[in-house]
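Structural overview
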Amino acid sequence: MGEQRVTISASRARTGGRPTRAESARRLEHLLDVAAKSFLSHGYGATTIEAVARGSGIAKKTIYRRFGDKAALFGAVLRRLFDRWFDVLGEVAVEDDALPGTLRAYARHVLAGAVNQEGLMLSAMIQAEARAFPHLAQGYYENGPARIQAMLARFLAEQHAAGRVRIEDPDVAAEQFLHLAIGGIHRRAMLGIGPTPDQDALDRRADFAVRVFLDGCRAIADDDRR
């Protein structure tokens, strides 16, 4: 992203010439910040390239040249939001006896994301406008929930291969674990029902989800041995 050249209409301290790669990257980040704020505050339908151009100080023709249209700009905003989330989560390094601890850390992270205000605003916007703009829901799912589930499924498949847990379908298991961890809390937060859980409540929820999930996996393994 840093190598993309983004020309802006605002004045620069440099006189003449193209902006440096660092300047281009910084201005692109500023553009995406402004676009994200507009999409989340006003919705996809009400956000225009013109408004983003005014708010960012970047020429409208430059935004069109860089992204092509509003859908591509929104896609870039989505990817950046989720990339930041995944950068924090990272690829989990697993030790031989770290299965419960790894799942607990994963559950705590997705729970924090489930009640994060930015994430809630994004989910609400997608649900409100998905019927009019079907590509929004597809992009949201592919960049977020599908990536989250795929990462967890890979981890569970590795644990199954190592003999640490009995999971015949890692994809289904990952989906079930995520629902167990965040389902009710995320729905209530989306509806604005009740106070936002504090960190202790989220940690207890994560611990419970891991315990129930692993107990279920052990019960399946015990049945298979009979």
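Let me begin by describing the structure that accompanies this report. Predicted, not measured: the structure shown is a model, and the values here were computed from it.

In this section: the overall build of the chain. Looking only at helices and strands, one finds ten helices and zero strands in the chain. Written out in order from the N terminus, the α and β elements of the chain read α-α-α-α-α-α-α-α-α-α. Expressed as a percentage of its 226 residues, the buried residues of the chain come to 40%. When the accessible area of the chain is evaluated, it comes to approximately 12800 Å², of which 51% is carbon and sulfur surface.

The set of residues buried in helix α3 (residues 60–67) consists of T62, I63 and F67. Burial along α3 is one-sided: seen end-on, the buried residues are contained in an arc of 110°. Across α3 from its buried face, at more than 90 degrees, point the exposed residues K61 and R65. Phi for G68, located one or two positions after α3, is positive at around 95°.

Turning our eyes to something else, we now look at the pattern of salt bridges. Note on pairing: side chains with opposite charge can pair once their charged atoms come close. Following the criterion strictly, the structure yields nine salt bridges and no others. Put simply, R84 and E29 hold a salt bridge, and the shortest N to O gap is 3.3 Å. Taken together, the residues R84 in helix α4 (residues 70–89) and E29 in helix α1 (residues 21–42) connect sequence positions 55 residues apart. D203 is the partner of R108 in a salt bridge, and the nearest nitrogen-oxygen pair spans 3.4 Å. Note that R108 is positioned in helix α5 (residues 99–115) and D203 in helix α10 (residues 199–225), a separation of 95 residues in sequence.

Within the structure shown, the criterion is met by six aromatic pairs. Here the aromatic rings of Y44 and F133 are separated by 4.8 Å at their centres, their planes lie at 65°, and the arrangement is edge-to-face. Highlighted residues: Y44 in the loop between α1 and α2 (49–56) and F133 in the loop between α6 (117–129) and α7 (134–143), separated in sequence by 89 residues. Given a relative accessible area of 4%, Y44 falls into the buried group. One cation-aromatic arrangement involves R66 over F67; the distance from NZ or CZ to the ring centre is 4.8 Å. Positioned over the ring face of Y44 is K70, at 4.4 Å from the centre of the ring.

Relative to the helices and strands, Q149 resides in helix α8 (residues 145–161). Overall, the relative accessible area of 17% leaves Q149 in the buried class. Residue contacts for Q149: discarding those within four places in its chain leaves D171, A174, E175 and L178.

Counting residues in hydrophobic clusters, the biggest one holds 57 residues, and the most contacted among them are L103 and L122. Excluding residues that lie within four positions of it along the chain, L103 makes contacts with L152, F155, L156, F177, V210, F213 and L214.

This brings us to the packing of α1 against α2. Helix packing geometry: the angle between the two helix axes and the distance between the axes. Contact pair α1 / α2: the axes reach a minimum separation of 9 Å and the direction vectors enclose 125°. Our classification of the angle between α1 and α2 gives oblique. The element α1 and its partner α2 pack so that their crossing is right-handed. Together, H30, L31, V34 and A35 of α1 and V52, G55 and S56 of α2 make up the contact between the two elements. Partitioning the contact of α1 with α2 into residue classes produces four nonpolar, three polar and no charged.

This part takes up the packing of α2 against α3. Packing of α2 against α3 brings their axes to within 9 Å, and their N-to-C directions diverge by 115°. Like other packed secondary-structure pairs, α2 and α3 cross with a definite hand, here right-handed. In this structure, α2 uses I49, E50, V52, A53 and S56 to contact α3, whose residues at the interface are K60, I63 and Y64. In terms of residue class, the contact of α2 with α3 is made up of five nonpolar, one polar and two charged.

Definitions and limits used
Residues numbered from 1 in each chain as written. Predicted model: local features only at pLDDT ≥ 70, side-chain atom pairs only at ≥ 80, totals over all residues. Heavy atoms only, no water. Helix = DSSP H or I, 4+ residues; strand = E, 2+ residues; numbered from the N terminus. Buried < 20%, exposed > 50% of the residue type's maximum accessible area, 1.4 Å probe, protein only. Areas by Shrake-Rupley, 256 points an atom, 1.4 Å probe, with all protein chains shown as cover. Arc of directions from axis to C-beta. Salt bridge = Lys/Arg side-chain N within 4 Å of Asp/Glu carboxyl O. Phe/Tyr/Trp six-rings, centres within 6.5 Å; stacked < 30°, edge-to-face > 60°. Lys NZ or Arg CZ within 6 Å of the ring centre and 35° of its normal. Contact = heavy atoms within 4.5 Å. Core = buried A, V, L, I, M, F, W, Y, C linked by side-chain atoms within 4.5 Å. Axes fitted to C-alpha atoms, helices over the stretch in contact; angles between N-to-C directions. Parallel < 35°, antiparallel > 145°, perpendicular 65-115°, else oblique. Left-handed = near helix turned anticlockwise from the far one by under 90°. Nonpolar A, V, L, I, M, F, W, Y, C, P; charged D, E, K, R; others polar.

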